[in-house]
Amino acid sequence: MTDSLAYAHDDAGAPPSRFPDYRSTVLRSPSLPLVRIPQTLTEVTGPAGCWDRLMGSALADLTTQHEGAPLGQRIIVTGHVLDEARRPVPHTVIEIWQANAAGRYIHGKDQWDAPLDPHFTGAGRVVTDGEGRYRFVTIRPGAYPWGNHRNAWRPAHIHLSLLGPAYATRLVTQLYFPDDPLIEIDPIANAVPMPYRDRLVCRFDIGITEPNWALGYRFDIVLKGRDATPLEEEA
Amino acid sequence: MSDLESRNPASRADNQDAALFGQTPSQTVGPFFHYGLPWKGGADLIGKSDMGARPELFPEDHYVLNLSSPTGTPTGEAIEIAGRVLDGAGEAVPDAMIEIWQANAAGRYASPDDARDEVAPDPHFVGFGRASTGEDGVYRFRTIRPGRVPGPGNSLQAPHIALSVFGRGVLKRLATRLYFSDGEGNDFDPVLGLVPEERRDTLIATRRADGSWWLDIILSGEGETVFFDL
Ligand SMILES: [Fe+2]
């Protein structure tokens, strides 16, 4: 174990757990300080190479899961999963879920009065290649209202979930789109302080866009990296 | 030749801005993750049931996540772990997601970063699972009781399962652990030892009459679970 390195702590872009503008954080966040623990073998290990066995094969095209094509703007989202030293994170899983073009989830508890799309589920899963690259095809989700306060609207977003190499690198996040005025007034996005909030905004890229087919966006995901402190010294 | 085909908008402060490079910030999992994250069998680390699936929450033809395909039965004592997730008002949290990560019965992680040849891997045990709470706030897993794994220095950790808590209103993963009330080494565990004595009980599951191990997760307020800064 002496050659194992601990993963970094949260950097300055991490949101707090309690952010009162996002109302439901108040009763759902710890009121006492977190207890700092050394990273042991438990925290620096994680499942690897078993995605098919656990979850099934990849679902990289969310527009072809049903008989017909979903309504909405077809888009390509691609980028790299990296660590903080810009090293690629290969063969790691990204789980994806989102609302349809009208901003409606197929979830039974979504009460937003926008149409469901029988041709769109909005769930996918990809695994990065040896260079940490990923790519998926979907439709651009719509904005939707929510109950945080009167006239609250979530900016259009895609939910992303990554495990990375270890328990310590687990990340659930949301991807936002450029030029969406709702980002600036959304309490969930606003929990991330500026300028780091902009890390969650993908970039339109004509080089990813495919002629007569789909708009392309680039979004890199950066996981906690291993810093220079060996586990034993941290303890 | 025209550059029209490759002309991009001017660069801006966004995900690709080199000056902003760093950890991608966490965001809540929200209330609608059930059709995207909990695969069938995600909460059953032993067998081939669809435990962990939530088919009642959306139409069947939108269940695109597969069933686990285990390769065989893992070695060790089969156990059930369960508990309620409660908020700061003592109300059940019906839309939390819980993940577990643990060693096999011999105390070895199914991870390339656990390279100890002297402890046997179990080809049939991954040790990662995912469940979501029901209307009553209860989560439930079927798994193997983990063995002991090394801690810092020459220490040995008591048997434990690492837990992650996600949910609507949870902006970043809350990390905690489940220990067993009869676990060997609890009194000398290097992580439990860092927890104020009066709060250690929040990490220790107790055995119920039906044999299952029970641990409530209290997100805030009285009896608040100890969460870790890793
Ligand atoms: Fe959402």
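Here, the structure is the one placed above.
Residues numbered from 1 in each chain as written. Chains lettered and ligands numbered in written order. Predicted model: local features only at pLDDT ≥ 70, side-chain atom pairs only at ≥ 80, totals over all residues. Heavy atoms only, no water.

(A) Looking closely at the interface of chain A and chain B. Each side of the interface is counted separately: chain A has 108 residues, and chain B has 101 residues. Buried area between chain A and chain B, summed over both chains or domains, comes out near 8700 Å², and the portion from carbon and sulfur atoms is 58%. Of all residues in chain A, R28, R53 and Y167 of chain A give up the largest surface area on contact with chain B, accounting jointly for 11% of the area buried on that side. Inspection of the region where chain A meets chain B yields 10 salt bridges. Here E43 of chain A makes a salt bridge to R177 of chain B, at a shortest N to O gap of 2.8 Å. Where chain A meets chain B, there are 59 residue pairs in polar contact (both at pLDDT 80 or more). Looking at the side of chain A that touches chain B residue by residue, the classes come out as 55 nonpolar, 26 polar and 27 charged. Pairing between strand 2 (residues 35–36) of chain A and strand 10 (residues 228–229) of chain B: two bridges, direction parallel. (Contact = heavy atoms within 4.5 Å. Buried area = accessible area lost by both parts, 1.4 Å probe. Salt bridge = Lys/Arg side-chain N within 4 Å of Asp/Glu carboxyl O. Polar contact = N/O pair within 3.5 Å; in protein donor to acceptor, adjacent residues only side chain to side chain. Nonpolar A, V, L, I, M, F, W, Y, C, P; charged D, E, K, R; others polar. Pairing = 2+ DSSP bridges. Helix = DSSP H or I, 4+ residues; strand = E, 2+ residues; numbered from the N terminus.)

(B) Structural detail: the pairing of strand 7 (residues 204–207) of chain B. Residues and elements named next belong to chain B. The sheet contact formed by strand 6 (residues 170–180) and strand 7 spans two bridges and is parallel. Directly across from F180, in strand 7, lies its bridge partner A205. Pairing geometry for strand 7 and strand 8 (residues 213–214), over two bridges, is antiparallel. Residue pairing for strand 8: R207 is matched across the bridge by W213. If you look at the hairpin formed by strand 7 and strand 8, you'll find five residues sitting between the two strands, and G211 has a positive phi there, around 90°.

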